[in-house]
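Next come the chains, spelled out residue by residue.
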Amino acid sequence: MKNTLKRDARAKAAGEGGVVVLSSVRLAAAGKPAGNGARKGDPSAVAAARLAAPRAAEAAPASLPEKRMAARRSLRAAAKARARRGTRRMSPDKVIRESQRWLDIIARADKLPLARKKRVVKETVKSFNAYFNSGFLEYRKAVAEAEQYAAIEWTGQGSYIEDIMGRQYIDCLGGFGIYSAGIRHPKIVEAVRVQLERMPLSSQELLDPLRGALAELLGEIAPGNLQKCFFINNGTDAVEGAMKLARLYTEKSGFISTIRGFHGKSYGSLSLMGKAEFRVAFEPLLQDVYFVEFGDADEVEWQLKKARDVGLDIAAVVAEPVQGEAGAIVPSDDYWPRLREICDEYDVLLIADEVQTGMGRTGKLFGVEHWNVIPDIMCLGKALGGGVMPLSAFISTPEIWKVLEKNPFLHSSTFGGNPLACAAGIAAINVTLSEDLPSQAAESGEYFLAGLRDIQSRYPEHLVDVRGKGLLIGVEFDTTDFGYSVASGLFRRGVLVAGTLLNAKTIRVEPALAIPRKLIDEVLGHLDDTLRSLM
C-alpha cells in the first residue's frame, strides 16, 4: 500500500477536526482488525476504517462536467507551476553581487560597523523564515528571548560563544556534544588550516594518508578488539553503517532498540528511534525492529527468547551507554554487562551508539568502559571531529569486518573520511588524551552534579531530578513550561542550555570537558537566581 493512504486519511480527518491512528488506517485498508495500535471499539479506529474503506471499493465514474472541471484545474495548476519555475527572484548578476557581499562580511567579520551588524541580524531572521525553515524561529531562544536583536552566533573560544552584537554566553550546550574539546581548540583548528592549504578533499583514487592514520589511532584506542572502521560525516550515518554491517555479517534482519533511544533521523536509524514524535510522520519504517525499556536487560532477554521461539531473526541489540537525548538517563551498573552476556547467549551482535557519549563525555574515553564491556560494533560522532569538522565512524572487529572487504564499495561515501575531517579527528584524539579530557569530565561532572543537587534541595517542588555521568547531565523539572522558563532565564543571564529537542522538561548540560571550575560556579549561581525569580 502506498503512503498516499496515510496522507489522504490525515488530510480528510484534519478537515473534519478528527484524529487518525495511522496503524488503524493500514489495518482497516487491509481488511484486518486493529491490533496494538488501536483498541477494539476505539472511535479513532472506527473513523480510520471508514476513511480507508472507500479506497477498497471501485470509485464511481465521474460525470462529463466533473471531468472537464478536473481538466481545467489540472491545466491551471500546470500553468502556475511553469510560472513558478520561470520566475527568478534574483538575476544572476544580483546573485553574484549578493554572494560577494557575504564573502566580504566573512572576510571582515571582526570589523563590521554596528549598522551592518544590525542588517545581518535582520537578514538572518528573514532568510530563515523565507528560505530555510521558519519553524526553527519559534523554537530558538536566540529569537524569542533575545530582546531587541536576535542572537546571531558569530564567534567563540573555549567555553564561550559571542553573538554578532557582542553579547557573550557560557556554553553549557556544546552543540549537543560536539564541543568536548571546547570551541575552536587551537591545535585542532591549526591542523585543519594546514591541511586545507594542501588538499581539502579526496581524489577518490589515490590513497589518502590521513584516513589511514586516523583509522589506526582509533583502532588502537577503541575497546577490546574493535579495530576496523569506516568514516562518514554524522551520527546517523554511523548508525546506518552499523546496521548494514550487522545485517551483512549475521544474515539476519531484525533489531532490538530502546524506548526513548535516539540514533538519528535517516531511514534506518529512525527505525531504531524510540520516540513517536519523530517516527510517526514517516511510517512505515523498517518493520522488524522491537523496542524495550532502556535499562531493563531482562526485557531484552525476553524479547530475544520470544524471537527465537517463533523463528524471528535478530541481527543486533542497539543501545546508548547513557541515553542523551532522553535526558541523560544512566542505567544501573549491571545493565551493560548483562546485555553482553545475553547477546552472546542468543548469538546476536551488540551495537553501542557512542555518538554522544564517546571521546570522554561521560568521564571515560568511551561510555561502555564504565562497565568494562566490549561491543561488537561501536558508533562514534559529534566530538570525534574536535568541534571543527563533521566526522563520524563505526568500528568493529576484524572478523566481522571481513564481510565488507569482499566488496569494499558495498558501503562508501563521497565526503566521508576526507582529509580535512581526518586532520581534525587526529588532532581531537591528541587533545583528548594529552589533556586527559575524560578525567577532567569525571571530576568536573561530580562537582557540577553536587552543586545542582544542592540547588535541588532548595527547590524540590520544581527541580525534581538531577542525574548524569561525567559532563552529560540532565536537570529535570516538574513541567515542560517551567523547564522552558528556566532555560530562557539562563539564556537572558548569558548561559546556553537546551531541552531534549522537543521537550524542555529536562534540560541537558553538556559543556566543554575542560570547563573551568569558576564558570561552573557562575552557571550554578545563575541557575539559583533564575529559580528564585520564578518562585
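For the structure, check the block above.
Attention in this report is confined to the structure presented alongside it. Per-chain numbering applies: the sequence of each chain, read as written, is numbered from 1 onward. pLDDT decides what is reported in this predicted model: residues at 70 or higher carry local features, side-chain atom pairs at 80 or more are listed and counted, and totals for whole chains, interfaces and linings draw on all residues regardless. The side-chain quantities take in all heavy atoms of the structure and omit both hydrogens and water.

1. Re the sheet that holds strand β8 (residues 349-353)
Spelled out, the test is: Strands are labelled as partners when DSSP assigns at least two bridges between them. For helices the rule is a DSSP run of H or I covering at least 4 residues; for strands it is a run of E covering at least 2, with both sets numbered from the N terminus onward. Orientation is described by axes fitted as lines to C-alpha atoms, over the contacting stretch for helices, and by angles from 0 to 180 degrees between their N-to-C directions. Only heavy atoms matter for contacts: two residues are in contact if any of them lie within 4.5 Å across the pair.
Ordered by their spatial adjacency, 7 strands build an open sheet running β4-β10-β9-β8-β7-β5-β6, and the pairing between neighbours is mixed. Each edge of the open sheet is held by one strand with a lone partner, namely β4 (228-232) and β6 (289-292). The average angle at which neighbouring strand axes cross in this sheet is 20°, direction not considered. Sheet analysis places β4 next to strand β10 (residues 392-396), joined by 5 bridges and oriented antiparallel. Note on β10: the bridge partner recorded for K228 is S396. Where helix α11 (residues 209-221) meets the sheet, it contacts β4, β9 (377-380) and β10, and its direction lies at approximately 125° from that of β4. Sheet contacts for helix α15 (residues 297-310): β5 (254-258), β6 and β7 (314-319); angle to β6, the most-contacted strand, approximately 150°.

2. Structural notes on the packing of aromatic side chains
How we decide: Pairing of aromatic rings covers Phe, Tyr and Trp, the last counted by its six-membered ring, and requires centre-to-centre distances within 6.5 Å; plane angles under 30 degrees mean stacked, over 60 mean edge-to-face, and any other angle means tilted. Working definition: with a 1.4 Å probe on protein chains only, accessible area under 20% of the residue-type maximum means buried, over 50% means exposed, and in between means partly exposed. By the criterion adopted, a ring carries a charge over it if an Arg CZ or a Lys NZ lies within 6 Å of its centre and within 35 degrees of its normal.
Per the counting criterion, the structure on display carries 9 aromatic pairs. Plain terms: the ring middles of Y169 and F491 are 5.1 Å apart, the flat faces sit at 25° to each other, and that makes the pair stacked. With a gap of 322 residues between them, Y169 in strand β3 (residues 168-171) and F491 in helix α20 (residues 480-492) connect regions that are remote in the sequence. Just as Y169 is buried, F491 falls in that class too. Measuring from centroid to centroid gives 5.8 Å for F477 and F482, while their planes differ by 55°, and the two rings are tilted. Against the face of Y447 rests R517, its NZ or CZ located 4.2 Å from the ring centre.

3. Some remarks on unusual backbone geometry
The omega torsion across E283 and P284 is 5°, close enough to zero to call that bond cis. Along the chain, P284 turns up in the loop between α14 (276-279) and β6. Unlike most non-glycine residues, D347 shows phi in positive territory, near 60°. Here D347 lies in the loop between α16 (335-346) and β8.

4. Comments concerning the packing of α20 against helix α21 (residues 517-534)
Condition: In what follows, roughly perpendicular refers to angles from 65 to 115 degrees, roughly parallel to angles under 35, roughly antiparallel to angles over 145, and oblique to any angle outside these ranges. A clockwise turn of the near helix away from the far one marks a right-handed crossing, whereas an anticlockwise turn of less than a right angle marks a left-handed crossing.
Packing of α20 against α21 brings their axes to within 9 Å, and their N-to-C directions diverge by 130°. If you check the angle between α20 and α21, you find them oblique. Crossing geometry of α20 relative to α21 is assigned as right-handed. Contacts between α20 and α21 involve F482, S485, V486, G489 and L490 from the former and H526, L527, T530, L531 and L534 from the latter.

5. Comments concerning the sheet that holds strand β14 (residues 498-500)
The 4 strands lie next to each other as β11-β12-β15-β14, forming an open sheet whose pairing is antiparallel. The outermost strands of the open sheet, each flanked by one partner alone, are β11 (463-469) and β14. Taking the axes of each pair of neighbouring strands and ignoring which way they run, one obtains an average angle of 35° across the sheet. Across 6 bridges, β11 lies against strand β12 (residues 472-477) in antiparallel orientation.

6. Thoughts on helix α6 (residues 114-132)
Going by this rule: Between the first and last residue of a helix there are one fewer steps than residues, each counted as 1.5 Å, and that sum is the expected span.
Helix length check: α6, at 19 residues, gives a terminal C-alpha distance of 25 Å against a target of 27 Å (1.5 Å per residue), a fit within 8%. Every buried residue of α6 is listed here: V120, V121, E123 and T124.

7. Some points on the pattern of salt bridges
To keep it simple, the criterion reads: Think of a salt bridge as a Lys or Arg side-chain nitrogen and an Asp or Glu carboxyl oxygen that are within 4 Å of each other.
Across all of its chains, the model carries 24 salt bridges by this definition. Between K275 and E325 there is a salt bridge, and its shortest N-O distance comes to 2.5 Å. A residue pair is termed long-range when its members are at least 10 positions apart, and K275 in the loop between α13 (267-271) and α14 and E325 in the loop between β7 and α16 qualify at 50 residues. Overall, the relative accessible area of 9% leaves K275 in the buried class. A single salt-bridge network, built from bridges that share partners, covers D454, R458, D528, D529 and R532.

8. Side note on the nonpolar core
Cut-off, in case you're wondering: For our purposes a nonpolar core is just a set of buried Ala, Val, Leu, Ile, Met, Phe, Trp, Tyr and Cys residues, chained together by side-chain atoms within 4.5 Å.
The biggest cluster of nonpolar side chains holds 84 residues, and the ones touching the most others in it are C172, L304, W336, F448 and L531. If one sorts the elements of this core by residue count, helix α18 (residues 419-434) sits on top with 8 residues. Not counting residues within four places of it along the chain, the set of residues in contact with L531 comprises I455, Y459, L463, F477, F482 and V486. Judged by nonpolar contacts, the second largest core, of 24 residues, contains I232, L272, L349 and L404.

9. Notes on the side chain of Q456
Looking at the element boundaries, Q456 is found in helix α19 (residues 437-458). Look past the residues within four positions of Q456 in its chain and what remains in contact with it is L463, V464, D465 and V466.

10. Quick word on a positive patch on the surface
As a reminder of what qualifies: Only residues above 30% relative accessible area that lack a salt bridge enter a patch, with like-charged residues linked at up to 9 Å and the nonpolar side chains Val, Leu, Ile, Met, Phe, Trp and Tyr linked at up to 5 Å. Surface accessibility follows the Shrake-Rupley procedure with a 1.4 Å probe radius. Residue values consider only the protein chains on display as shielding. The sign given to each residue is positive for Lys and Arg and negative for Asp and Glu; His and the chain ends receive no count. Just so you know, the charge point we use is NZ for Lys, CZ for Arg, CG for Asp and CD for Glu.
A grouping of K94, R97, K122 and K126 is seen on the molecular surface, where their side chains present a positively charged patch. For the positive patch, the secondary structure elements donating two or more residues are α5 (92-107) and α6. Of the residues examined, K122 reaches a relative accessible area of 65% and is grouped as exposed.

11. A short note on the packing of helix α10 (residues 186-198) against α18
A packed helix pair is summarised by two numbers, namely the angle formed by the two axes and the spacing between the axes. Formally: Classification convention: Asp, Glu, Lys, Arg as charged; Ala, Val, Leu, Ile, Met, Phe, Trp, Tyr, Cys, Pro as nonpolar; all other residues, Gly among them, as polar.
The interhelical angle for the contact between α10 and α18, taken along N-to-C directions, is 155°, at an axis separation of 8 Å. Classified by the angle their axes make, α10 and α18 are roughly antiparallel. Every pair of crossing elements has a handedness; the one defined by α10 and α18 is right-handed. Contact with α10, carried on its side by K187, I188, A191, V192, Q195 and L196, involves P419, L420, A423, A424, A427, A428, N430 and V431 of α18 and no other residues of that element. Class assignment for the residues of the contact of α10 with α18 results in 11 nonpolar, 2 polar and 1 charged.

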